[in-house]
Every structure is written in structure tokens, then in C-alpha cells.
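Structural overview
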Amino acid sequence: MASSDTRVVLLATLDTKLEEAAYVVDQLLRSPEVHVTVLDIGRNVLSADDTEPLTSKDRVELVACELHTLAADLSRGDYSSRMSKSATHSVAELMMSLGAPIYGILGIGGSTGSTIIATAMRDAVPIGLPKLLVSTMASGDVGHLVGGVDITLMYSVVDIAGLNFLSERVLGNAAAAMAGMAHAYRQATGPSSSMSRLETASISSSTKRRERIAITMFGVTTPGVDRIRHILSQPPHNAEVVVFHATGSGGKAMESLIRQGEFDAVIDLTTTEIADEIGGGILSAGPERLSAGAHAQIPYIVSVGACDMINFGPMSSIKPELIAADRKGERKLYQHNPAVTLLRTNQDENRRIGEFIGEKLTKYERKDLVKVMLPEKSISMISGVGGPFEDRDADKALFETLMGKLKDTGIETEVHRSEINGSEFAHGVVDALAALNQKKGH
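These numbers were taken from a predicted model, which means no experiment stands behind them.

Quick notes on the overall build of the protein
The helix and strand tally for the protein stands at 14 helices and 15 strands. Computed over its C-alpha atoms, the radius of gyration of the protein comes to 25 Å, within 12% of the 22 Å expected for a compact globule of 442 residues. Projected onto its principal axes, the C-alpha coordinates of the protein cover approximately 75 × 55 × 35 Å. Looking at the protein as a whole, 54% of its 442 residues are labelled buried. Of the contacts formed within the protein by residues at least 6 apart in sequence, a portion of 75% connects residues at least 24 apart. By element, 51% of the accessible surface of the protein is carried by carbon and sulfur atoms, the whole surface being about 18,900 Å². Between the mean site of the 44 positive side-chain charges and the mean site of the 55 negative ones, the protein shows a separation of 4 Å.

Some thoughts on helix α12 (residues 347-361)
Look at α12: 21 Å from first C-alpha to last across 15 residues, which is about the 21 Å you get at 1.5 Å a residue. Looking only at α12, the buried set comprises E349, N350, I353, G354, F356, I357, G358, K360 and L361. Two or three places before D348, at the opening of α12, N346 has a side-chain oxygen 3.3 Å from that residue's backbone nitrogen.

Some remarks on the pattern of salt bridges
Going through the model one piece at a time under the given rule, you end up with 20 salt bridges. Between R344 and D395 there is a salt bridge, with its nearest N and O atoms 3.0 Å apart. Placement of R344 in strand β13 (residues 340-344) and of D395 in helix α13 (residues 392-406) is noted, with a sequence separation of 51 residues between them. Here R344 and D395 have matching classes, each one buried. Between E390 and R392 there is a salt bridge whose closest N-O contact spans 3.5 Å. Counted as one network, the salt bridges with shared partners bring together E255, D268, E273 and R289.

Parameters and conventions
Residues numbered from 1 in each chain as written. Predicted model: local features only at pLDDT ≥ 70, side-chain atom pairs only at ≥ 80, totals over all residues. Heavy atoms only, no water. Helix = DSSP H or I, 4+ residues; strand = E, 2+ residues; numbered from the N terminus. Rg over C-alpha atoms; globule rule 2.2 N^0.38 Å. Buried < 20%, exposed > 50% of the residue type's maximum accessible area, 1.4 Å probe, protein only. Contact = heavy atoms within 4.5 Å. Areas by Shrake-Rupley, 256 points an atom, 1.4 Å probe, with all protein chains shown as cover. Lys, Arg positive; Asp, Glu negative; His and termini not counted. Charge placed at Lys NZ, Arg CZ, Asp CG, Glu CD. Expected span 1.5 Å × (residues − 1). Polar contact = N/O pair within 3.5 Å; in protein donor to acceptor, adjacent residues only side chain to side chain. Salt bridge = Lys/Arg side-chain N within 4 Å of Asp/Glu carboxyl O.

Have a look at this one:
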């Protein structure tokens, strides 16, 4: 295989989807520059005669996962779990084959196959490299497949069980889309481009590019984030500010990119996903939120934006006991929009949020590069004086717990007599980041 090939990896369970995989390969090979590596994630090992429809084609190679020979003896659950790890390892090894770089990952699968393929795409492939999954599960709640990664999903419409006029159209479109995306990605990141592929897949230490700063935002912290972004993107900073919507997937995506080394600094202004993790809301980023920065050794500013709220669905989906508590004044509900209802965090939940954040930050290697900034007057657009979520006692529980957790750890905490969306706080964050950047250089 030549390094000039546009290499695409196709993942499929060949013992159940050989015919469909062969069709996809034929469609991919319509693009003369495409070379296909087929990764078999099936339970049963096929004979050479069985795989002849693939191996007989030019510009195609067949690779089996290391677990392949054992998969047939596993229960379905064990097979799915262990093959996910095996496929991830295999894809990671293929990604390291710099002599023939990968420019796209395509997968076709049912429920189990989709889980295996999506895991490999999430855990072994950098954000930015094209990923397309044709799945019977790509309709409805797909958060478990996508996670915080840029996976493109295509609903198969019919089951991936034999070829017919519908499946051929869908699979043909998928192959054409992947060939196009892979070609475009190669043009943007290949040897002849102005940006190397390694710059795209991992951190660039080049001083030519702008400083990259990640920041988290929610609707109720948008004014504050916009102020910070405006300051940092202008001279003398001229930074590239990347905003993540703190909706669960946004936090996961940011954490993934931090682990890849894509950012020079992080302003985690809006840690509301932790409130959802603690309070059972629908926008949690999981228990590993704030973990990626532990080994990043970059300036990391943390605040508690929108930790005054736990996100739930429409008012009609709220548990009757919460509605009753709201009517009694024991809890506060607020309809953010027809699809989202907010529950004000109470003192107990805020203490647990403070414990969560503090526990994560104490594990950071460069504690001198971490700073916690707490806006005393409000932590969201609706928690200020007279706002529907104003609750000074709940805020105090959060602040005191977090500061107590970080006492004598070497992590600086600072309480601002300002609002999170105010100009004063925005300038304070920018100044704090500049001070951390100076420490980083020492």
C-alpha cells in the first residue's frame, strides 16, 4: 500500500454482514484513490474461501481483531465488551501506521456491532478525522453511541441483513460520503497540505498557530463567556477560543480533546454538568468530568457556572413529588423552555458538587496552574438578586465546601464580589489566565 493512497478502514462483523461489507467496499473502490482496510469484528472466523469476495479485490486488505479466534466461545455480553476493547486496540494500531495514514473510518452494524464500532471510533480516533457509522440504532437516543465525539450516524432504514434496493441505496450513499470526506481530510492534512496530519491528531507545539483556549458555556452563562471570548480573541491575546456547550456531550468532547493535548489552557467556567451528575439530571457528562486536566499541565481556571440548576425534560416529565415540593416552597422549579425544566440545587446538592470538584482538582499534577474563581453575586443569569434561583445559602454551601476541600492543597481560590456574567468577572478571569501562563513558563 502506498502512502499516497486515501486509506479508509471499514469495520463490520463479517460472519453476519459479509455481503453488505463487500458491497460497501465495491462502492468505496469507485473512487480510484481509495484503499480499504477491512477490520473484521465478528464472532466467528471465516475461511479464506468465505472472505474471497473481499480479498480478491485490488486495493483491499483484511485484518482480524486479536480477539477474533476466541470470540465464538464468549457470551454475547462478554463478546460485546471484550471485542469493543479489542477493536479499539486494533484501530489504534492502524492509526499509528504512519506509512499509510488513515483518512476515514466507516462502520456498518446492528445493535451489538454499532456498540463495538462506536467504542473504537470514540476511543481510538482523534476528533476531526471522518467517522461514519451506518446503524440500525441511529434513530432515537444515540448519546450512548456518539458520546462526545464527532461520529456521523446514518440510519440504515432497513436491517443490515442482505442487500435490497433500499439497503444498497443507503450503503452506497454511506460509501460515497466516506470517500468524499476521506479525500477532503487528506487534502487538508496530508503531506502536501500546509498543516501536517500529526498537528491535526495531537497537539502542535508550533509557535506559529494561535493559543488555543477551551471554555464551557450554558445559555445562562453566555454573556460572561462572550465577554471573555471577545477579550481573548482580540489583541494583545489573539487567542483561538473554542466554546463547548455544557450539555453532557460538550463536556465529554472537551475532556477528550484535553487528553489529546489540543488546548493550551482551559477556562471551565460552566461546570453545570456536575450538578446533573450529582442530582440525576439529563445533561451529565459522567463521573469523569474534570478528570482530563489532571495530567494536562496547562493553565486551568474553574468556576461554578450554572451549578445552581439540574436539567430535566418538559414539565410533564417532572416527578410529582418535585412538583409538590415546588408548590410548598421546598424546592424551586423553573421552565427554561418547553423542552427543559430546571431544578434549583439545594444546600446538600451544592455541598456534594463542591466535594466533587474539589476531589477532582486535588489530583491535578500542576496545582500551581489551577485557579478556582467564585462569583459571589450570581453563578448564573437567574441566580442573582431577585432572580428565580436566588439562594444565597445554597451558594454559600457550594463555595465553603469547595474552598474547604482545596485548603492547603496549593490550589488558589478567589471569591469575586461580582456576577458570573459581569464585565468585572470576565476581566478577572482573563487576568488570572495571564498570571497562570507566566507560571507555566517557569
